[in-house]
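# Structural description and commentary
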Amino acid sequence: MKTGFRKARLNINTIQYVGLALVILAIAFGFQAAFGNVMTTANLRVMAMNMVFEGIMALGMTFVIIMGGIDLSVASVFAFGEILVAKLMVQAGLPVPVAVVLTLITCAGIGALNGVMIVMLRVHPLIITLGTLLTLRGINLAITDGKSISGFSEGFLWLGQGRIFGVDFPIIFFSVTALILGLLLAHHRYFRQLYFIGGSERAARFSGVNVSRVKISIYVLSSTLAGCAGIMAAAKYGAAHWGHGNASELKAIASVAIGGADIMGGSGTIFGTVLGVIFLAVVHNAFVTSAVNTFWYDVVNGVMLLLAVLISRFIARQNTQKLKALRQSKLDQSQHYQTSKGGKP
Amino acid sequence: MTITERTIEADQTALVSRLVSSRQFWLILINLAVICTLGALRPDSFLSWINFKAVLSLMSYDVLLAVAMTTVLIVRGLDLSVGSVLALSSVVMAMLLRDGYPVFPSLLAGLAIALLCGFINGLLVVKAGILPFLVTLGMMSAARGFATVLTTGQYVSFPQAPRWFSRFARQEFGFHIGDMFYGIPALLLITLGVTLVYGLLLANWVPLRRMFYLGESPEAAKLSGMRTARLGISAYLISAIFVWIAAVLMTSANKIGYANYGISAELRALAAAVIGGASLAGGSGSILGTFLGVLLLALIGNGFVLLNGNPNWQQATIGAVLIIAVGVDALRTFRARS
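## Concerning the overall build of chain B
On a plain count of helices and strands, chain B comes out with 15 helices and 4 strands. The C-alpha radius of gyration of chain B comes to 21 Å, within 12% of the 20 Å expected for a compact globule of 338 residues. Summarising its shape, the C-alpha atoms of chain B cover approximately 75 × 60 × 40 Å along the three principal directions. Once local pairs closer than 6 in sequence are excluded, the contacts in chain B between residues at least 24 apart make up 75%. For chain B, the computed accessible surface area is about 15,700 Å², with 68% contributed by carbon and sulfur atoms. In chain B, 22 positive and 13 negative side-chain charges are present, and the distance between their average locations comes to 8 Å.

As structure tokens, then:
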């Protein structure tokens, strides 16, 4: 019986992914047919580079959301990573690898701080990470006085502008990280615990999962990925500015939600998130290439988020209904079995 | 000692202990402490009526938005769209005024837009059962987008609108004490009046008190025969009304409608409401607490400017105060439990 349920669930998830992929293809080919400039290499590159940093943040966000948490602070960690790496190189004169490593360690530390506060204070992660978001954004503004920092070395700029086999380094980074994290999330024992925690934290704790440790480590992962994105963004733009990445936390969350993860926790995959990221990138690009007023982008973004959430809610409801029907049939069967044997009902 | 005296004494100690343990009491003390510190450090610039007037007028929009946020937090909701609905409503009103419509129909159209947004939020949250965080996130993006589409990102001024509309928010009602003239802008008076009335109603009027019950335990509220769906949606509608009031005041005071009004105001409103005692778990929060939360943030911001510190640090303090408030709460509940 259990396998029967899993099969049904799998089917529904597959349908969702296929549907999303079909919508993406329909938009891309529709605009290609209408305007004829979508499927060019240059445009595809622009399209990918527009969303890649939010995409990297969305990967970490997927882990956090599966666990039933949320991390609003990624946007300010992103800008902080930019500023810190720039300051270390330009103002402190450190060599590139040292600056990058120090920045990543600091960003991981911010994630650890988030995680520890969430575990210790037992307050909703939304509030804690909102606090970190506002604090860190203020710090970003204050330590740069609102000015941008530039003047990087060629070697550093490669991190954002360099290409391997004609593909930009950030895109390669995104793809490789998505692949590794996706495999780990699907198969590694440690990350499978996330689904357990997201499904029911109490149950996970009672069955011996070290919930606190897992939580802290996932917030560290999310912040570190945001820091990576920040470093590459500094290299791509050739400048660090506190205003970069504003509202990118919302785009990252939207990608995860469009990718079919339940924001209450307990479900979601990296594959879905990647599809969600591609979807947002394609929609944005469709507005740019079609020269429709790009101001519409925000409207469509919001409406799509609502639609995606409605659909995934609908699917979740169907899943629970199936689960309930299954339980009921099992119950009926066992009762039938017992009564037929003449035991107690 | 007679019995009555003893009970009165007991009542008094109970009152004192309740006062000391209440959140508003501590917030008032902290606010007074900040005022005294700033007053001692910068007696001339801080303790002037002009400075107080500026601080209070600037924070009145945040007060209205934070009151809106508190209302939905009480029913275990969340409204991230307050800032963008403010912008959309302001833009709609300004465009109608620019096109020569009379003031009241324009204002009503703004109200209708705000209520529509609130209604959609409430419907999706209550009826479809989607997390308020996501619903209002979508609404935040969509409403800001619509405002930008309507105005193509430009300011909307309305030179043909009646003079009194573009003046009333800054109109000052003054009174003389000795030789000094103290003027209070209508903006501030309206904000304080509306907030006061609503705070009293929320604390005493049964239909609004029910919202606390609903937030505390939706199941119990439903089982005890409340119309929970209607109550939940009406919380979002009340929130929309406060957003609309803020939009009217902002449009009138600045004499323009603009699609970028209230950017990241939702985060400040949420921070102020949580500092004031509201919780994402629902069922708690008070208007006085929220007001004091906004006041605290505004005073600290003002202090940074006056102490010639870097005003850029002001934003960082909002987050820090939020985390400290939440931390103190956690300590208190921890102590109460053990």
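## Regarding the environment of Leu322 of chain B
One can find Leu322 of chain B in helix H15 (residues 313-337). For the pair formed by Leu322 of chain B and Leu270 of chain B, sequence separation is 52 residues and the distance between their alpha carbons is 9.4 Å. Apart from residues lying up to four places away in sequence, Leu322 of chain B is in contact with Ile127, Leu130 and Gly131 of chain A together with Ala271, Val274 and Ile275 of chain B.

## Looking at the environment of Ala234 of chain A
All names here are of chain A. For Ala234, the position within the fold is in helix H10 (residues 211-237). Residue Ala234 is classed as buried on the basis of its relative accessible area of 0%. It is 27 Å that separates the C-alpha atoms of Ala234 and Phe271, two residues lying 37 residues apart in sequence. With residues near it in sequence (within four places) discarded, Ala234 still touches Glu82, Val85, Phe152, Phe156 and Ala239.

## Some details on empty space enclosed by the protein
Residues and elements named next belong to chain B. Taken as a whole, this structure holds 3 cavities of 30 Å³ or more when the rule is applied. The space that makes up the largest cavity amounts to roughly 50 Å³. If you trace the largest cavity, you find it lined by Asp79, Ser81, Val82, Val85, Ala114, Cys117, Gly118, Asn121, Ser239, Ala240 and Val243. At the level of elements, helix H5 (82-98), helix H6 (103-127) and helix H12 (228-254) are the ones that each hand at least two residues to the lining of the largest cavity. If you tally residues by element for the lining of the largest cavity, the top one is H6, at 4 residues. Of the residues that constitute the lining of the largest cavity, the class distribution is 6 nonpolar, 4 polar and 1 charged.

## Some details on a positive patch on the surface
Residue and element names in this part refer to chain B. A grouping of Arg163, Arg167, Arg170 and Lys255 is seen on the molecular surface, where their side chains present a positively charged patch. Looking at the secondary structure, you find Arg163 in helix H8 (residues 163-168). Judged by its relative accessible area of 58%, Arg163 falls in the exposed class.

## A word on the interface of chain B and chain A
Between chain B and chain A, the contact holds 39 residues from the first and 41 residues from the second. Of the roughly 3,500 Å² buried at the junction of chain B and chain A (both faces included), carbon and sulfur atoms supply 81%. Three residues stand out in chain B for area buried against chain A, namely Leu134, Gln315 and Ile323 of chain B, and they jointly supply 15% of the buried area on that side. One can count 1 residue pair in polar contact (both at pLDDT 80 or more) joining chain B with chain A. Every element with two or more residues in the side of chain B that touches chain A is listed here: helix H7 (132-151), helix H13 (265-275) and H15 of chain B. It is H7 of chain B that contributes the most residues to the side of chain B that touches chain A, 13 residues altogether. Residues belonging to the side of chain B that touches chain A are distributed by class as follows: 25 nonpolar, 12 polar and 2 charged.

## Some thoughts on the pattern of salt bridges
This structure, assessed with the given rule, holds 6 salt bridges over all chains. For Arg268 of chain B, the salt bridge goes to Asp62 of chain B, with nearest N and O atoms at 2.9 Å. Taken together, the residues span a long stretch of sequence, with Arg268 of chain B in helix H13 and Asp62 of chain B in helix H4 (residues 49-74) at a distance of 206 residues. In this structure Arg268 of chain B comes out as partly exposed when scored by relative accessible area, which is 27%. Between Arg98 of chain B and Asp99 of chain B there is a salt bridge, and its shortest N-O distance comes to 3.4 Å. Of the residues examined, Arg98 of chain B reaches a relative accessible area of 34% and is grouped as partly exposed. Connected via shared salt-bridge partners are Glu201, Arg205 and Lys215 of chain A.

## Considering the packing of helix H6 (residues 154-161) of chain A against H10 of chain A
All names here are of chain A. The geometry of H6 relative to H10 is characterised by a closest axis approach of 7 Å and an angle of 105° between their N-to-C directions. Of the possible angle classes, the one that applies to H6 and H10 is roughly perpendicular. Contacts between H6 and H10 involve Phe156, Leu157, Leu159, Gly160 and Gln161 on the former and, on the latter, Ile231, Met232, Ala234, Ala235 and Lys236. Taken together, the residues of the contact of H6 with H10 sort by class into 7 nonpolar, 2 polar and 1 charged.

## Here's the deal with the packing of helix H8 (residues 189-199) of chain A against H10 of chain A
All names here are of chain A. Their axes nearest at 11 Å, the elements H8 and H10 cross at an angle of 105°. Taken as axis vectors, H8 and H10 run roughly perpendicular relative to one another. Across from Tyr190, Phe191, Gln193, Leu194 and Ile197 in H8, the residues of H10 making contact are Val211, Arg213, Val214, Ser217 and Ile218. In terms of residue class, the contact of H8 with H10 is built from 7 nonpolar, 2 polar and 1 charged.

## Quick look at helix H11 (residues 248-258) of chain A
All names here are of chain A. With respect to burial, H11 is a largely interior element, 10 of its 11 residues being buried. Buried within H11 are the following residues: Ser248, Glu249, Leu250, Ala252, Ile253, Ala254, Ser255, Val256, Ala257 and Ile258. Downstream of H11 by a residue or two, Gly260 has a phi angle that is positive, lying close to 95°.

Reading guide: rules and limits
- Residues numbered from 1 in each chain as written.
- Chains lettered and ligands numbered in written order.
- Predicted model: local features only at pLDDT ≥ 70, side-chain atom pairs only at ≥ 80, totals over all residues.
- Heavy atoms only, no water.
- Helix = DSSP H or I, 4+ residues; strand = E, 2+ residues; numbered from the N terminus.
- Rg over C-alpha atoms; globule rule 2.2 N^0.38 Å.
- Contact = heavy atoms within 4.5 Å.
- Areas by Shrake-Rupley, 256 points an atom, 1.4 Å probe, with all protein chains shown as cover.
- Lys, Arg positive; Asp, Glu negative; His and termini not counted.
- Charge placed at Lys NZ, Arg CZ, Asp CG, Glu CD.
- Buried < 20%, exposed > 50% of the residue type's maximum accessible area, 1.4 Å probe, protein only.
- 1 Å grid on protein atoms, 1.4 Å probe; cavity = no way out; pocket = protein on both sides within 12 Å on 5 of 7 lines; lining within 4 Å.
- Points joined across faces, edges and corners; volume = space filled by probe spheres on them.
- Nonpolar A, V, L, I, M, F, W, Y, C, P; charged D, E, K, R; others polar.
- Patch = residues over 30% accessible without salt bridge, like charges linked within 9 Å, V, L, I, M, F, W, Y side chains within 5 Å.
- Salt bridge = Lys/Arg side-chain N within 4 Å of Asp/Glu carboxyl O.
- Buried area = accessible area lost by both parts, 1.4 Å probe.
- Polar contact = N/O pair within 3.5 Å; in protein donor to acceptor, adjacent residues only side chain to side chain.
- Axes fitted to C-alpha atoms, helices over the stretch in contact; angles between N-to-C directions.
- Parallel < 35°, antiparallel > 145°, perpendicular 65-115°, else oblique.

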